[in-house]
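The primary structure of each chain is shown beneath.
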Amino acid sequence: MILAVSILKNPSSPADGYRGRFAPSPTGPLHAGSLLTALGSWLDARKNGGKWLLRIEDLDTPRCIPGAEQQIQAQLLACGLSWDEERTYQSQRQDLYQAALERLAGLNLLYPCTCSRQTIANALAKLGVLTPRNQEMVYPGTCRPNPLEVHLPKLFSTPKVAWRLALPQHCQIEFEDLALGHQSQDLNQEVGDFVLRRNDGVFTYQLAVVVDDAQQGITHIVRGEDLLSNTARQIHLQKVLGYHTAQYWHLPLVLDEHGEKLSKQTLATQINTEDEKHSLAELRKAAQHLGLRDLPDGENITIAEWLLAATRAWRS
Ligand code: GLU
Ligand code: ZN
């Protein structure tokens, strides 16, 4: 734990140069959408002479599929997308997330919440707010103590409570996305105090990704547009934890024929990397979607040569 705390206080310095990452959840093999994110972030790192790290986001174990992580790595390598440094697993970094949580508790920014989805929906209904199905509900602060003082040992001992981050009264987050331009989100209006550790003890994506990006010194986060609405929460967390904020670049999504985002839920088919020819065909589709033009289209080109051409064509 002492080690974890000292690492947290001294995340790798952004001055070390460009550091990007690809952070798949091992909930299935790569599909066209996740390959696009992998390729876009890889090209941006290579174009900038930077490092590209692979982080397996395997915290939500019920959703992880055995073997998916090995499949993802094999698919990346088949496409020539090799990573730098040791790959990391979020499941092995829980001490870091716990240390961050304790820091937030020490700042009096955490409180326990016992609300079910139904309790939240009822509280919102009383306020006259109707949340459409499948849409995230804005947490109305039902369990938020006033004043915000929480007895610390509860953090470890109380079972079945979620831990939420208390937002300040004004929490309008602004940032420039490298692709989409100026972005702004009022976290109180659109999200509410959000969960950092779930009532089953699992650290949430928001907390883990912020701790990892800081601790790994990530300077550029290139990922799918489906994650755009999480970014303001992550920037706010970075600020309260005293971390550097990275540059964000949200890439266009690949949609299926019904106009829906490809995902394991929509049974997106995995990319075909059975041989170099098929892998190259998948890369070419992804590049086209990324708007890369005039890449060599001959049959007799290796993936390595094609990636070199794609890196030259990538806008930095
Ligand atoms: N693990 C997340 C996903 O697969 C990506 C996290 C990120 O890039 O911030 O959707
Ligand atoms: Zn609650």
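In the block above lies the structure referred to throughout.
Each chain carries its own residue numbering, running from 1 in the direction its sequence is written. All chains are assigned letters beginning at A, and all ligands numbers beginning at 1, according to the order in which they are written. For a predicted model such as this one, the threshold for reporting local features is a pLDDT of at least 70, and the threshold for listing and counting side-chain atom pairs is 80 or more; totals across whole chains, interfaces and linings nevertheless cover every residue. Heavy atoms throughout the structure, all of them, feed into the side-chain values; hydrogens and water do not.

For this purpose, a residue is taken to be near a molecule or strand whenever a single non-hydrogen atom of the residue falls within 4 Å of it. Around ligand 1 sit Arg 21, Ala 23, Pro 24, Ser 25, Glu 57, Tyr 205, Val 209, Arg 223 and Leu 227, and those are all the residues in its vicinity. At a separation of 2.7 Å, a nitrogen atom of ligand 1 approaches a polar backbone atom of Ala 23. Within the side chain of Ser 25, one N or O atom sits 2.9 Å away from a nitrogen atom of ligand 1. Grouping the amino acids of the shell around ligand 1 by side-chain chemistry returns five nonpolar, one polar and three charged. Each polar contact in these results corresponds to two N or O atoms within 3.5 Å; when the atoms are within protein, one needs to be able to donate a hydrogen and the other to accept it, and residues that are neighboring in sequence are counted only if both atoms are side-chain atoms. For this classification, Asp, Glu, Lys and Arg are treated as charged, while Ala, Val, Leu, Ile, Met, Phe, Trp, Tyr, Cys and Pro are nonpolar and the rest, including Gly, are polar.

Turning our attention to the coordination of the zinc ion (ligand 2). Donors, by definition, are the N, O and S atoms found within 2.8 Å of a metal, the threshold being 3.2 Å for Na, K and Ca, and water is not counted, so a site can look incomplete. Bound to the zinc ion (ligand 2) on the protein side are Cys 113 (SG), Cys 115 (SG), Tyr 139 (OH) and Cys 143 (SG), at distances that span 2.1 to 2.3 Å. For a four-donor site, all angles between 85 and 135 degrees give tetrahedral; for four or six donors, opposite pairs above 155 degrees with the remaining angles between 65 and 115 give square planar or octahedral; all remaining cases count as irregular. Coordination at the zinc ion (ligand 2) comes from four donor atoms whose angles at the metal span 100 to 122°, giving a geometry best classed as tetrahedral. Three labels apply to residues, based on accessible area from a 1.4 Å probe with only protein chains included: buried if under 20% of the type maximum, exposed if over 50%, partly exposed otherwise in between. Taking relative accessible area as the criterion, Cys 143 reaches 23% and is therefore assigned partly exposed.

Let us now look at unusual backbone geometry. Note: most peptide bonds trans; most residues except glycine with negative phi. Here the bond from Asn 146 into Pro 147 is cis, since omega is 5°, no more than 30 degrees from zero. Secondary structure elements follow DSSP: runs of H or I of four or more residues count as helices, runs of E of two or more count as strands, with numbering from the N terminus. You can see Pro 147 is positioned in the loop between helix H5 (117–126) and helix H6 (154–157). Even without glycine at this site, Glu 85 takes up a positive phi of about 60°. Within the secondary structure, Glu 85 sits in the loop between helix H3 (68–78) and strand S3 (88–89). Backbone geometry at Asp 294 places phi at a positive 60°, although glycine is not the residue there. Among the residues examined, Asp 294 registers a relative accessible area of 78% and is labelled exposed.

To continue, consider the packing of aromatic side chains. Two aromatic rings from Phe, Tyr or Trp, using only the six-membered ring of Trp, form a pair when their centres are within 6.5 Å; if the ring planes differ by under 30 degrees the pair is stacked, by over 60 it is edge-to-face, and anything between is tilted. A complete count under the given rule lists four aromatic pairs for this structure. Placement of a charge over a ring requires the Lys NZ or Arg CZ to be within 6 Å of the ring centre, with the centre-to-atom vector within 35 degrees of the ring normal. If you follow Arg 164 out to its NZ or CZ, it ends over the ring of Tyr 139, 3.5 Å from the centre. Positioned over the ring face of Trp 314 is Arg 315, at 5.0 Å from the centre of the ring.

Right, let's get into the packing of helix H2 (residues 32–47) against helix H11 (residues 303–313). A pair of packed helices is characterised by two quantities: the angle between their axes and the separation of those axes. Here H2 crosses H11 at 75°, and the two axes come no closer than 9 Å. With respect to H11, the element H2 is oriented roughly perpendicular. Residues Leu 39, Trp 42, Leu 43, Arg 46 and Lys 47 of H2 form the contact with H11, whose participating residues are Trp 306, Leu 307, Ala 310, Thr 311 and Arg 312. In the contact of H2 with H11, the residues fall into six nonpolar, one polar and three charged. All axes are obtained by fitting lines to C-alpha atoms, using only the stretch in contact for helices, and the reported angles, taken between N-to-C directions, cover 0 to 180 degrees. In these notes the angle categories are as follows: under 35 degrees is roughly parallel, over 145 is roughly antiparallel, 65 to 115 is roughly perpendicular, and the rest is oblique. Residue contacts follow a heavy-atom distance rule, with two residues in contact if any of their heavy atoms lie within 4.5 Å.

A few words on the pairing of strand S6 (residues 172–177). Burial along S6 is one-sided: the residues Ile 173, Phe 175 and Asp 177 are buried and none of Gln 172, Glu 174 and Glu 176 is. Here, any two strands with at least 2 DSSP bridges between them count as paired. The pairing of S6 with strand S7 (residues 181–186) spans six bridges and is classified as antiparallel. When the sheet's bridge partners are listed, Ile 173 is paired in S7 with Gln 185. The hairpin turn running from S6 into S7, its antiparallel successor, is three residues long.

What you see with strand S5 (residues 162–165) is no split at all: Ala 162 and Arg 164 on one side and Trp 163 and Leu 165 on the other are buried throughout. Relative to S5, strand S4 (residues 110–113) is paired through four bridges, and the arrangement is antiparallel. Across the sheet, residue Pro 112 finds its bridge partner in S5, namely Trp 163. Alignment of S5 against strand S8 (residues 195–197), held across two bridges, turns out to be antiparallel. Among the inter-strand pairings, Trp 163 is bridged to a residue of S8, identified as Arg 197.

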